[in-house]
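Residue-level structural notes
As a plain string of letters, each chain reads:
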Amino acid sequence: MIIKKYRHTVIGLNKPWTLIATERGISQLLYPPHVAALAGLDQAIADAAQLDENPALFADFGIIDLLEQYFAGVPVSFDNVPLDVGGTPFQQSVWMALSEIPHGATWTYKQLADTIGKPAAVRAVGTAIGRNPLPVVLPCHRVVGSNGTLTGFRGGLQMKKDILALEGVTQMEASGHERFQF
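Residues numbered from 1 in each chain as written. Predicted model: local features only at pLDDT ≥ 70, side-chain atom pairs only at ≥ 80, totals over all residues. Heavy atoms only, no water.

**Overview of helix H7 (residues 122-130)**
Selection rule: Only protein chains enter the calculation, and the probe is 1.4 Å; a residue is then buried if its accessible area is under 20% of its type maximum, exposed if over 50%, and partly exposed in between. Helix and strand definitions follow DSSP, with helices as H or I runs of at least four residues and strands as E runs of at least two, each counted in order from the N terminus. Each C-beta atom gives one direction from the helix axis, and the arc is the one those directions make. Here, two residues are considered to be in contact whenever any of their heavy atoms come within 4.5 Å of each other.
Of all the residues in H7, the buried ones are Val125, Ala128 and Ile129. The buried residues of H7 occupy one face: seen down the axis, they fall within an arc of 100°. Elements that come into contact with the buried residues of H7 comprise helix H5 (89-98), helix H6 (109-115) and strand E6 (143-144).

If you want it as structure tokens, here you go:
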């Protein structure tokens, strides 16, 4: 059975973000092209460009209005948006746990590992977060280092800082590898 995928573009932080979905649900939200290159997602953006546009499908899922509100700084819940994400059972458990982090709050990687019942899996949790196919929708930007600093974000720490600022989280310092610095 061939599963057809569709794309749609939304504007967030004054940049285009690409949504990808099947008829079952949203499967990816890709960073703006300039950030995608830094995050090694060039091929995903190129592949998405080959997909058919289907704004009605995305509107039916409710994701367009929710993302527009979110990027305008309005707290929203993506809980009722149908998702169609792959990943291992462990990755999916991490990604779904991200939805438990309240808007405007941050958790540590350790808190997330504890939440999924795998307290010793902090590094594995970090790896799963790094493969999150739906940033913002499954809010990986809300996960910070144990010392309360911004750490690892595939889109770069400036983008993480900008997304958190939409939620009112503005007093965060950078940490981690230099490629994630501001």
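**What to know about the confidence of the model for the chain**
Filter applied, for reference: One number per residue, pLDDT, summarises how confident the predictor is, and it ranges from 0 to 100.
With 87% of its residues at a pLDDT of 70 or more, the chain shows a mean pLDDT of 88. Per-element mean pLDDT across the chain ranges from 57 in helix H1 (residues 33-38) up to 97 in H5. Ignoring residues within four places in sequence, the model shows residues 178-182, a span with pLDDT below 50, making 15 contacts including any to other chains.

**A short note on the side chain of glutamate 167**
Its location among the elements puts glutamate 167 in the segment after helix H8 (157-166). Classification of glutamate 167 by relative accessible area gives buried; the value is 9%.

**Looking at the nonpolar core**
A general tendency of soluble globular proteins is for nonpolar side chains to be buried together. To be explicit about the condition: Residues belong to one nonpolar core when they are buried, are Ala, Val, Leu, Ile, Met, Phe, Trp, Tyr or Cys, and are joined through side-chain atoms within 4.5 Å.
Counting residues in each nonpolar core, the largest one holds 50 residues, and the members touching the most others are Ile63, Leu67 and Phe78. It is helix H4 (residues 63-71) that contributes the most residues to this core, six residues altogether. What leucine 67 contacts, discounting residues up to four positions off in sequence, is Val10, Leu19, Leu29, Phe78, Val136 and Val137.

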